[in-house]
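Each chain, letter by letter, is given below.
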Amino acid sequence: MNALDWLVLLGTMLGIAAYGTWRTRHTDNLNTYLKGSRTTKWGTIGLSVMATQASTITYLSLPGQAYESGIAFIQNYFGLPLALVIVCAVFLPIYRRLGVYTAYEYLGRRFDTKTRLLGAFLFLLQRGLQSGITIYAPSIILSTVLGWRLDLTILFTGLLVIVYTVTGGSAAVNLTQKWQMAVIFGGMVTAFVVLIMRLPADAAPIAGAMGKLEAVDFTPDLERRYTFWSGMLGGLFLSLSYFGTDQTQVQRYLGGASVREGRLGLMFNAVFKVPMQLFIVLLGAGLFVFYQFQPDTPVFFNQTEWQRHAAGPHAERFRAIEAEHAVRHAEQLARIRAWVAARDSGDAQLEAQARAEMRTAQAAVNAVRAEARAALKDADPRAKLKDSDYVFITFILGQLPHGVIGLLIAVMFASALSSKAGELNALGTASTIDIWRHFRPLAAHDEARNVRNAKWFTALWGLFAIGFALLVSFAENLIEFLNIIASIFYPALLGVFVVAFFLKKVGGSAVFWAAVAAQTVVIGIYFYGKANPAHEIGYLWLNPIGVGACVLFSLVLQALIGARGRRATA
Amino acid sequence: MKDDPTQVPASEDGAEEPGVPGFRSWRGVYAFVLGLFVLDVVLLAAFTRWFR
């Protein structure tokens, strides 16, 4: 990065944060602080919902995932449009009519205090744990490739977001997210255009022939992680949980000027989310083709990690792997060119043969990459083996002109700040409304004290996230583990809301214990799958199972409670 | 059980017009959005088949 990159990076990041802080510095009304300005239009809500959902991992890791495994991940979002329609039709009007600040406040009104506290507790538990990762995950990647100090990167990101989120609350979050999304869109489109200009004319057929453009898979296989069916059903429940019951999202659309603005904001996401994710995974498929034509494509994209070990006692093995990769990579490129020629010749038999040879060459390259990972693990069992996160950043730093590099690094920070701000805002709100006000009911009418406490809670969650990111050395599998934790806890929570909305006869005690039992079932299935990999199911399927269990147990328990009540009366 | 907030008055339950040109009800908006999604899937399936 040169001076121009730094100017673009700091100018956009500090400029947006300062603008958000200054514009919302006089926010002292509880409604405005927690829900944002009541004049917020659907465009701002739509962008805010999108910005909260998409963290740096979306822009940094997804292209890498598509580079590695193709664009099938897009199916994960297939349940989202229908989920958003359900949220618009059922959840949003009820939240608005009751004038609640949090989704869990609704549970208190519909059921009882213990169910409300259970909902708030589940939310605070998973979001609190994830809050450290939202800062840590991008910081570790950017500090690794840019040579920055990890602790300073975490502190800069964390403190910057705390300043404007604490100052202006929801109003500041909505305002800054709009501008941050503008930076993100601008940067990603620029990177995409540069990439397209550098790809060969046959890039799409090459990516397709090498298995990177399989977007939809209709195979009814429970063990495949991403299929049309798991995306539709599992994705539907996951999206319903996230948009309907997770305060980070509920808070974004509750703040609209009217029900209409909230609905249109959500419909904006229902229409554009799938195309946006497609754009990001296609970028990854394009990167794959690009690097097939680069003679110096690294065997392992996290070059900092690679070079650290390549200079050690296993240097000879590492050099041999690099040499082997160079040979296999060149051979693969020759096979790709031969396939393109065979395809252009129009001879189907020749094309099929050339395609088979190309896939064999691709398998040979993959085998060398696997050997590289094995060598790293042998050299250091704690070495970071997932290099797909480093594919896009390698392209940014190596192929983009100065100024645009700064813009793309700004994209990564903007996405980290925008999702972090949404999280902190929601954590502060749920802590104030669902926990603090529960134990201090008399203080509920003191508006100034409520705002002051919401600011304190927001700051404390921000400091907790920074501390967590600084003190805990996350292993790669821990990051995945915490993502799975969220998938484990969402279903029971959504089950409680489904019962609340659709099963009017079920009461608080039945749904509370049903949620506890459903949670136990989901955890049991997850660990059974881990102990017996042959029977492990894709984690998306835990969502419909958990919701179904919670609904079923609620009905059974309510029937039992009702029967006991009738016997007692008799 | 406490109050039953699922009984939303008609004025709050989607009766408000969407105010989107060409749509007189929210049902129409939802149908349009889901129709677009079906189109997305069909195009993606065709895309997958074309480049396989």
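Not measured: the values here are computed from a predicted model.

Participant: Any chance you could explain the overall build of chain A here in plain terms?
Facilitator: In terms of helices and strands, chain A carries 21 helices and zero strands. Radius of gyration (C-alpha) of chain A: 25 Å, near the 25 Å computed for a compact globule of 570 residues. Along the first, second and third principal axes, the C-alpha set of chain A runs to 80 × 55 × 50 Å. A burial count over chain A gives 53% of its 570 residues as buried. In chain A, once contacts between residues fewer than 6 apart in sequence are set aside, the share between residues at least 24 apart is 86%.

Participant: Please explain the nonpolar core as it appears in this structure.
Facilitator: If you look at soluble globular proteins, the nonpolar side chains tend to sit buried side by side. Core analysis: the largest hydrophobic core is formed by 189 residues, its most contacted members being Leu84, Ala410, Val411, Val496 and Cys550 of chain A. With residues up to four places along the chain from it excluded, the contact list for Val496 of chain A reads Leu107, Thr115, Gly119, Val511, Ala515 and Cys550 of chain A.

Participant: Hey, could you run me through the packing of helix α8 (residues 150-198) of chain A against helix α12 (residues 259-292) of chain A in this one?
Facilitator: How two helices pack is summed up by the angle between their axes together with the distance between the axes. Residue and element names in this part refer to chain A. The contact between α8 and α12 brings their axes to 10 Å, and the two run at 35 degrees. Here the hand of the crossing between α8 and α12 comes out left-handed. In this structure, α8 uses Phe192, Leu195, Ile196 and Arg198 to contact α12, whose residues at the interface are Leu283, Gly286, Leu287 and Phe290. Residues belonging to the contact of α8 with α12 are distributed by class as follows: six nonpolar, one polar and one charged.

Participant: Explain the confidence of the model for chain B here, please?
Facilitator: Segments scoring low in pLDDT should not have their predicted coordinates read at a detailed level. Residue and element names in this part refer to chain B. Residues at a pLDDT of 70 or more form 71% of chain B, whose mean pLDDT is 79. Across residues 8-12, confidence stays below pLDDT 50; counting only partners more than four residues off in sequence or on other chains, it has nine contacts. Interface confidence in the predicted complex, given as ipTM, is 0.84; pTM for the same model is 0.87.

Participant: Teacher, can you tell me more about the confidence of the model for chain A here?
Facilitator: Across chain A, the average pLDDT comes to 88, with 98% of residues at or above 70. Mean pLDDT in chain A bottoms out at helix α19 (residues 476-502) of chain A, which sits at 78, and peaks at α12 of chain A, which reaches 94.

Participant: Help me understand the domain arrangement of chain A, please; the structure alone is not making it clear to me.
Facilitator: One frequent convention defines the size of an interface as the accessible area lost when the parts assemble. All names here are of chain A. In terms of domain boundaries, chain A breaks down into domain 1 (3-270 + 395-472), domain 2 (303-383) and domain 3 (475-570). The C-alpha centroid of domain 2 is placed 37 Å from the C-alpha centroid of domain 1. If you look at the interface, domain 1 gives seven residues, while domain 2 gives eight residues. A total of three residues in the side of domain 1 that touches domain 2 trace back to one element, the largest contributor, which is helix α9 (residues 203-209). Broken down by class, the residue content of the side of domain 1 that touches domain 2 amounts to five nonpolar, one polar and one charged.

Participant: Would you mind going over the environment of Glu214 of chain A with me for this structure?
Facilitator: Of note, Glu214 of chain A is situated in the loop between α9 and α10 (228-245). For the pair Glu214 of chain A and Leu125 of chain A, spaced 89 residues apart in sequence, the C-alpha to C-alpha distance is 37 Å. For Glu214 of chain A, the residues in contact, after removing those within four places along its chain, are Gly70 and Ala72 of chain A together with Thr48 and Arg52 of chain B.

Participant: Any chance you could explain the packing of helix α17 (residues 404-439) of chain A against helix α18 (residues 447-471) of chain A here in plain terms?
Facilitator: Residue and element names in this part refer to chain A. For the pair α17 and α18, the least separation of the axes is 8 Å and the interaxial angle reads 130 degrees. Taken together, the axes of α17 and α18 lie oblique to each other. Pair α17 / α18 crosses with right-handed handedness. Contacts between α17 and α18 involve Leu424, Asn425, Leu427, Gly428, Thr429, Ser431, Thr432 and Trp436 from the former and Asn450, Asn453, Ala454, Phe457, Thr458, Trp461 and Gly462 from the latter. For the contact of α17 with α18, the per-class residue count stands at six nonpolar, nine polar and no charged.

Participant: It is not clear to me how the environment of Arg96 of chain A should be interpreted in this structure. Could you clarify?
Facilitator: Residues and elements named next belong to chain A. Among the secondary structure elements, Arg96 is positioned in helix α5 (residues 80-98). Given 18 C-beta atoms within a 10 Å radius, Arg96 is considered partly exposed. Sequence spacing of Arg96 and Val183 is 87 residues, and the spatial spacing of their C-alpha atoms is 31 Å.

Participant: Even after reading the chapter, I still don't get helix α14 (residues 315-345) of chain A, so can you show me in this structure?
Facilitator: Helical geometry note: an α-helix holds 3.6 residues per turn, so side chains three or four residues apart project in the same direction. All names here are of chain A. Across its 31 residues, α14 extends 45 Å between first and last C-alpha, which sits within 8% of the 45 Å expected from 1.5 Å per residue. Every buried residue belonging to α14 is among Phe318, Ile321, His325, Arg328, His329, Gln332, Arg335, Ile336, Trp339 and Ala342, and all of these are buried. Residues of α14 that are buried in the fold lie against α9, α12, α13 (303-310) and α15 (348-379). Just past α14, the residue Gly346 takes up positive phi, approximately 80 degrees.

Participant: It is not clear to me how α8 of chain A should be interpreted in this structure. Could you clarify?
Facilitator: The end-to-end C-alpha separation of α8 of chain A is 33 Å, well short of the 72 Å expected for 49 residues at 1.5 Å each. Considering bend angle alone, the principal kink of α8 of chain A is centred on Gly169 of chain A and spans about 125 degrees.

Participant: Can you walk me through the environment of Arg97 of chain A in this structure?
Facilitator: Residues and elements named next belong to chain A. By the element assignment, Arg97 lies in helix α5. A count of 16 C-beta atoms within 10 Å places Arg97 in the partly exposed class. Taking the C-alpha atoms as reference points, Arg97 and Val166, 69 residues apart in sequence, are found 27 Å from one another.

Definitions and limits used
Residues numbered from 1 in each chain as written. Chains lettered and ligands numbered in written order. Predicted model: local features only at pLDDT ≥ 70, side-chain atom pairs only at ≥ 80, totals over all residues. Helix = DSSP H or I, 4+ residues; strand = E, 2+ residues; numbered from the N terminus. Rg over C-alpha atoms; globule rule 2.2 N^0.38 Å. Buried ≥ 20, exposed ≤ 12 C-beta atoms within 10 Å, placed from the backbone. Contact = placed C-beta atoms within 7 Å. Core = buried A, V, L, I, M, F, W, Y, C linked by C-beta atoms within 7 Å. Axes fitted to C-alpha atoms, helices over the stretch in contact; angles between N-to-C directions. Left-handed = near helix turned anticlockwise from the far one by under 90°. Nonpolar A, V, L, I, M, F, W, Y, C, P; charged D, E, K, R; others polar. pLDDT = per-residue confidence, 0-100. Domains from an automatic or database assignment. Parallel < 35°, antiparallel > 145°, perpendicular 65-115°, else oblique. Expected span 1.5 Å × (residues − 1). Bend = angle between axes of the 7 residues up to and from the residue.

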